[in-house]
Amino acid sequence: MAVTPEARRWEALFAERTRGDVGDGIAFVLGFLGRPDLISFAGGFPDPLTFPRERASALLAEFAAAGEATAFQYTPTRGLAGTIDAVAGRLEALQGHRPADDELVITSGGIEGLELVCKTFLDRGDAVVIEGPTYLGAIMAFRGFEAQLTTVPMDESGLRVDELERLLAGGLRPKLLYTIPDHQNPAGVSLAPERREALVELARRYGFLVVEDVAYRELHFGEDALPSLWSLAPDTVVQAGTTSKTFLPGVRLGWAAGPAEVCEQLVSAKQNTDQCSGALGQRMLEEYIRRGWIDEQLVRSRELYRQKCETLLAALGRHMPAGVDWTRAEGGFFSWLTIPGADGTALAAAAAEQGVGVTPGALFYADGRGGENVRLSFSMVDESLIDEGVARLASLL
Ligand SMILES: Cc1ncc(COP(=O)(O)O)c(C=O)c1O
């Protein structure tokens, strides 16, 4: 497309940090992904079948009929007291540790939790450790604050904590380490229990903050989740949670739990972003938790995603040529494919031509790796189309 003189003029004024985040090749591929005819393994969206439409509408009607003002008003920056209490109670029930009222902030989604942490801690050039691969939204958040990113590799047991230790012993001094310990996006693996203990010990020894993203933690297919890093070390971990995958992304709600002094700063940072998360969603979430509805829905959601995952893994086994490898998720939304010798970005473009959406692996690295990978998300694709989608993808290899 031709660049108009106006567009050129604004581009010259854009802040440096907003430029060059997404390469042309990737933008090209992403352009395909909004197509409605695509069998899409691309986006990490929840299946709309999990949305509690009737209960959400009943709650709204109740608030209106009761003449409730709170649900329709601004809220304190930290969140409504009732919502904070309900979320704290849920963390206690699920993770065995209850945050005090000053150790919890209600956020507008998991991504706002990360943004607030960045705003609070990062000056230009500060060192941040991330997993390789990791969530694209987090890479973009850290880049937006001009952090210096160091990538530590992962294996089938999650972050290579031994490798992190080696880097720390060699002089690396990060302010933050960002990790997704449960059913990671995009790798679909979880951090082994002994590595969890070792990681928080390193954080204490070297004085950095662990940012624990638990977006998929509650969506495990089998056994209960492993101990959260925050429950192991609430003194050195901030947990960023979201209800987007377990309730509704339509209300954009999450939480940040961490040391009181850190949470106080997060609240200050939130004062000059959105000032408060929407009251309507907060009241709905509070009731959704208190009435036990979130747990009822979770049982159904886990089963839905488990079934889709099983179908995807079976299809991969059936269709993929020898040499291709993939992770076997035990929760969450993703499987991560490694295709030796492939160009993941070109493959994603070719797959889109064949009516299949996949996400190129390079998007999930900050350092140009991931070329031989693609991410498959099984969360939103129609289960009856999974086998056909994988067969088409395999035919390109
Ligand atoms: C690992 C991870 N963290 C955070 C988020 C964003 O959550 P939210 O929609 O609550 O901002 C996502 C969404 O895809 C995610 O995959």
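This is a predicted model, so every value here is computed, not measured.

Draft legend 1. Main features of the site of the ligand. Inspection of the region around the ligand gives 13 residues, with Gly110, Asp213, Tyr216, Thr242 and Arg252 positioned closest. A distance of 3.0 Å separates an oxygen atom of the ligand from a polar side-chain atom of serine 244. Taking 390 Å² as the accessible area of the ligand by itself, protein coverage stands at 92%. Applying the majority rule of atoms within 2 Å of the grid points places the ligand in the largest pocket.

Draft legend 2. Quick look at the environment of aspartate 343. Structurally, the position occupied by aspartate 343 is in the loop between β11 (334-338) and α13 (344-353). Counting along the chain gives 149 residues from aspartate 343 to glutamate 194, while the straight-line C-alpha distance between them is 35 Å.

Draft legend 3. Spotlight on the side chain of serine 379. Tracing the backbone through its elements, the reader meets serine 379 in the loop between β14 (373-377) and α14 (386-395). Its relative accessible area of 0% is what places serine 379 among the buried residues. Side-chain polar atoms of serine 379 contact the backbone oxygen of phenylalanine 45, separated by 2.6 Å. Leave out the neighbours within four places in its chain, and serine 379 touches Gly43, Gly44, Phe45, Asp47, Tyr305, Lys308 and Phe333.

Draft legend 4. Summary view of the environment of leucine 219. The topology assignment puts leucine 219 in the loop between β7 (209-213) and α9 (229-232). Among the residues examined, leucine 219 registers a relative accessible area of 0% and is labelled buried. Taking the C-alpha atoms as reference, leucine 219 lies 13 Å from isoleucine 180; in sequence the two are 39 residues apart. Here leucine 219 is in contact with His183, Lys245, Leu298, Ser301, Arg302, Tyr305, Gly331, Gly332 and Phe333, once residues within four sequence places are set aside.

Draft legend 5. Local environment of the pairing of strand β6 (residues 176-179). Here β6 shows a buried face lined by Leu176 and Tyr178 and a second buried face lined by Leu177 and Thr179. Where strand β3 (residues 127-132) lies against β6, 3 bridges are found, and the strand directions are parallel. Bridge pairing in β6 places isoleucine 130 opposite tyrosine 178. Where β6 and β7 come together, 4 bridges link them in parallel fashion. The partner of leucine 177 across the bridge, within β7, is valine 210.

What counts, and where the lines are drawn
Residues numbered from 1 in each chain as written. Predicted model: local features only at pLDDT ≥ 70, side-chain atom pairs only at ≥ 80, totals over all residues. Heavy atoms only, no water. Near = heavy atom within 4 Å. Polar contact = N/O pair within 3.5 Å; in protein donor to acceptor, adjacent residues only side chain to side chain. Areas by Shrake-Rupley, 256 points an atom, 1.4 Å probe, with all protein chains shown as cover. 1 Å grid on protein atoms, 1.4 Å probe; cavity = no way out; pocket = protein on both sides within 12 Å on 5 of 7 lines; lining within 4 Å. Sits in = over half its atoms within 2 Å of the grid points. Helix = DSSP H or I, 4+ residues; strand = E, 2+ residues; numbered from the N terminus. Buried < 20%, exposed > 50% of the residue type's maximum accessible area, 1.4 Å probe, protein only. Contact = heavy atoms within 4.5 Å. Pairing = 2+ DSSP bridges.

All we've got here are geometric facts, nothing functional implied.
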